[in-house]
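Observations on chain architecture
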Amino acid sequence: MGSIETVTSSGLSLSSQQSFDSPNRSGHLKTLDIGLDGNTSSTNPFGDILQLSCFHPLHGIVVVCPFRQFDGDRFYDSKYVREYRKKLLDYVHSGKRGFGLHLTGAISNLKSETVANNINVTYSLGRVQVTTTVSVGKDHSVVQYIILKSSSTQIEQVDYTLALNISVNRASYGQLTEGGPIPIPPPSNKFQLADGSHAWAVVNQNLDAAIQGDLYCDDFRVCLEPMQRNNTALDQPVSMAFHETLKINPGQTRTLTSRYLLQPRCDFAKIPSPRINLEPNREEGWKVKNENMRLIIKGNLSYILRNCAVPVGSSATCLITDHVALPLGWNRDNYWQVRYLLDIYQHMNRLLDASTAQEYLSKIRTVVCGHLNWVFRVAQRPHGYWHRSYLATGVPKDRSIFQLDQQCYPILELCDFLHNFPSEVDLVKSILTEETIPSILSILELHRDPSTGLYSTEETPGDDAVEHPFHFSSHILLWHTLARLAKTLSKLKFASGTLNPECLKQKAERLQTATLRHFVACNPATGTTMFAYLTDGAGVHTFYHDANDLPTLFIPTWRFADSSSPEHALWTRTMEFGLSPLNTDGFFPQGPYGGLGSVHTRGPWPLGFAQEFIFASLLGDRAAIEDAWRRIQGSMFMDGLFSEAVNAETGECTSKAWFSWPGCVISSALIKFEILGEKAWDHEE
C-alpha cells in the first residue's frame, strides 16, 4: 500500500558532481521539448515533466506546470514578466523537481536526448539501470514510461513517487512591451480521485480545462487510494503525491507507466491505452555531415513541426513563436518559420535520404497550407489590418496597433508558397478572390503619406514605438511584397479591380523611388551617406540597426539594388555601420559573444549573429563568416535552438530561452551558404 504526503524534492538532483551527458556537449542546458498536433511536453534532464500544453478553443493555449499561474495584475511589470518566462529554465538549472514519476536515490551516468518524438533519459541507481521515455501520442496523451533493470545478485528496492505538484494554467501571454493584456481567469486547481481511485484529475473550472492520469506498475493499474479524494488549491498548485517501494529481483526488469491527458474541458475522458510513440530515428536520414550544422537544421525543423504547429479545426494551423514563453502567432515570426520550411523543401534531396524526405515533404505541405488558411481565414482583423500578435484561436492578443511589416508577411508567404508548390494554385487563387488582400492593400494606402509617398507605422519590427513615422526596413519589405505579388498575379493571369499586376508593379516602383529619396542621408557617426533607420520625411533621420530588421539585410538578394549600383554601396555602408560599435544602441561589442542586438532586449542576439553570418557570406568575407559561426555555435542550446538574447561573455541565454525565429533564419543560412556553397539567398525564379 502506498502513502501520501506533501510533495518535496526527492533524492535525485542534478549537480556539478554528477555525470550529465547529451548528444551535443557544447550546447547550453534547457528543457527537452517534444510535441505533436498542438500537444507538447517539456522535461528536465531526469525526465521530470515541467510543462504540458494543449490548444484551447477559448484561451488559445493552456498549460500544466509545477508553479502557480501568472499574476494577472503584473502584465506591465517587465521584470516580473522576464522572471516568469524563465521559470522552466530555472527548474532545469537548479535541479528542482517537476511533476510525474520520481525515483529516489543517488544517480550516476545521466544521459538525456530527444530522439524522433521521444525524450529518452538513462541513468544508474546503484545496480539498477533506469531508462525513462516520455512520448506525446497522436491521441493527445503523454506517457512517462520507466524501465528498471537490475544487474544485482540481491533484491533491490527503489522508492518511487507519483508527484502531482500541478497547476492548470492559461498561458500567460506576458509581453515585454505589453500591447494590451487579456485578463486571466482566477486560478483554481481541484484535485480528485476517480474510477475506483485508479485515476486522478486536477480540474480548473475557471478555465474549463483539466488534466487527468493514472499509474501502472508493470501491467497492473495502481490504486491511488491513500491520496485524499478531494483537495482544492486556489492560488497555488495542488500538492499531492503517491509513494511506493518497488522490489526488483536479481536480473529482473520492472516498469512504471504514468499517463497524462490534458484537455480543454472539465469532464473525465477515457485515457488512451499506455503506449510509447516509437517513431523511427530520423537521425540517419540526414546527409549533413557537420554535427552542429545537422543539429541546428534538424532541431529547428523538428521544433516547428512538433511544438509550434497547432492545428485549429480541420484545415487551419496556427504557428506559434514558441511553446513556453509566448505561445502566440506573429506574422513576422511565422513568415521566417515558413520560409525555413520552404528552404528545407527546396533542398530536400540534398539534405535527406529519399524516405525521410518524403515524410517531411508531406508534413511541410500540410503545415504551410494550414497556416495560409489560418492567417487569411481564421486570424481576425477587427480594424481591417492584421494585429501585432494572435492567440492560436485567431483572436488578436493586442489592441489596435498598426505595424507596417506585419501586413506584408502573409502576402509574401502566399507568393513563396505558390513558387514552391505550383500544384496548389487553386488554394492560392481562392485566397486571392477573397477580400483579405484587397482590404489590406486599401488600408496600406490609408497609411501612405501623399507628400512623401512613404507609409507610416506605429511600431518597429521589435514591437517598440517609433519616434518618426516612417521605418526603413518595413519599406524594403513592402516594396518586395508589392513586386512579388505583381509577378505572382501575372504568372496566374489573375487581375481584379484592386489586384492589378501592372498597377502593383508601378506602385512598387514609386515606393522604391520614394524610399531612396527620403531615407538616404549622412550619418554623423560615420560621416558617410547610408540608409537611415527612421525618418519624418522632412529631413530628420535616426540612424540605428536592429537584429529584427532582416529586410535591410536582403536588399541585394531581393534586388532592390543591383551589385554595381550606387544603392548597393549605400546598403554596404548601412550594414557595416549596423554591425559595428558605431551603432551604439544596437550593437554590443564587449565579450567573445558580442554582436548585433536590439533596444528591445539589450545585449547580443543570435538573430544578430545570423545577420552577421549572412552579410559576411554575401561579401565572401571568410574570416567574418567563421567568427559569426563561432558565436552561433557557442550560443546554441543542446537541441540546436536559440534564445532571444545571450550573455556577451558566456553565450548563455539572458532572455526568452524558447524562440523559433532565430533558429529558422540561422538554419536557412546554413543550408544556402555553408552546406551547399551557394552565394545568394534568392527566392526568385
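Keep in mind the model is a prediction, meaning the values are calculated, not measured.

Let us look at the packing of aromatic side chains. Aromatic ring pairs are defined here through the distance separating the ring centres and the angle between the ring planes. A complete count under the given rule lists 25 aromatic pairs for this structure. Ring geometry for Y385 and F402: centres 5.2 Å apart, planes at 85 degrees, overall edge-to-face. With Y385 in the loop between α6 (354-378) and α7 (404-420) and F402 in the loop between α6 and α7, this residue pair connects regions lying 17 residues apart in the sequence. Relative accessible area serves as the criterion here: at 1%, F402 is assigned to the buried category. Among the aromatic side chains, those forming a connected cluster through ring pairs are F67, F70, F75, Y80, Y84 and Y91. The side chain of K87 reaches across the aromatic face of F67, ending 5.6 Å from its centre. R630 extends its terminal NZ or CZ atom over the ring of Y593, reaching a point 5.7 Å from the ring centre.

Of all residues in the chain, 92% attain a pLDDT of 70 or more, and the chain-wide mean is 91. Below a pLDDT of 50 lies the segment residues 675-685, which in the model reaches 43 contacts outside its immediate sequence neighbourhood of four places, other chains included.

Once that is clear, we can look at the state of the cysteines. Overall, the coordinates contain 0 disulfides when judged by the stated rule. Unpaired in terms of disulfides, C369 finds its nearest cysteine sulfur in C415, a separation of 15 Å. A relative accessible area of 13% places C369 in the buried class. No disulfide involves C653; its nearest neighbouring cysteine sulfur is the one of C308, lying 16 Å away.

This paragraph deals with the pairing of strand β11 (residues 142-150). As defined by bridge partners, strand β10 (residues 128-136) adjoins β11 across 9 bridges and the pair is classed as antiparallel. Among the inter-strand pairings, T131 is bridged to a residue of β11, identified as I147. In this structure, β11 lies alongside strand β19 (residues 253-263), joined through 8 bridges in antiparallel fashion. Along β19, the bridge assignment pairs V143 with R259.

This next bit is on the sheet that holds strand β25 (residues 534-535). Here 3 strands make up an open sheet; going across it, the order is β22-β25-β26 and the pairing antiparallel. Each edge of the open sheet carries a strand with a single partner, namely β22 (470-471) and β26 (541-542). Across 2 bridges, the pairing between β25 and β26 is antiparallel. Paired with L534 across the strands is T542, a residue of β26.

This paragraph deals with the environment of T584. Mapped onto the elements of the fold, T584 is located in the loop between α13 (566-578) and β27 (587-588). Separated by 40 residues in sequence, T584 and Y544 place their C-alpha atoms 7.9 Å apart.

With that settled, the discussion passes to unusual backbone geometry. Backbone geometry at D195 places phi at a positive 55 degrees, although glycine is not the residue there. With respect to the helices and strands, the residue D195 is situated in the loop between β13 (189-194) and β14 (199-204). In this model, S197 sits at a positive phi of 65 degrees, which is unusual for a non-glycine residue. Within the fold, S197 resides in the loop between β13 and β14. On the basis of relative accessible area, S197 is assigned to the buried category, the value being 0%.

Under the defined criterion, the tally for this structure stands at 6 cavities of 30 Å³ or more. Space inside the largest cavity adds up to approximately 220 Å³. By volume, the second largest cavity amounts to about 170 Å³. When contributions to the lining of the second largest cavity are tallied by element, the ones reaching two or more residues are β6 (60-65), α1 (78-85) and β12 (156-170).

With that out of the way, let us pick up helix α4 (residues 331-346). In this model, α4 (16 residues) spans 22 Å end to end at C-alpha, consistent with the 22 Å of a helix rising 1.5 Å per residue. Buried residues dominate α4, accounting for 14 of its 16 residues.

Cut-offs used in this document
- Residues numbered from 1 in each chain as written.
- Predicted model: local features only at pLDDT ≥ 70, side-chain atom pairs only at ≥ 80, totals over all residues.
- Heavy atoms only, no water.
- Phe/Tyr/Trp six-rings, centres within 6.5 Å; stacked < 30°, edge-to-face > 60°.
- Helix = DSSP H or I, 4+ residues; strand = E, 2+ residues; numbered from the N terminus.
- Buried < 20%, exposed > 50% of the residue type's maximum accessible area, 1.4 Å probe, protein only.
- Lys NZ or Arg CZ within 6 Å of the ring centre and 35° of its normal.
- pLDDT = per-residue confidence, 0-100.
- Contact = heavy atoms within 4.5 Å.
- Disulfide = S-S within 2.5 Å.
- Pairing = 2+ DSSP bridges.
- 1 Å grid on protein atoms, 1.4 Å probe; cavity = no way out; pocket = protein on both sides within 12 Å on 5 of 7 lines; lining within 4 Å.
- Points joined across faces, edges and corners; volume = space filled by probe spheres on them.
- Expected span 1.5 Å × (residues − 1).

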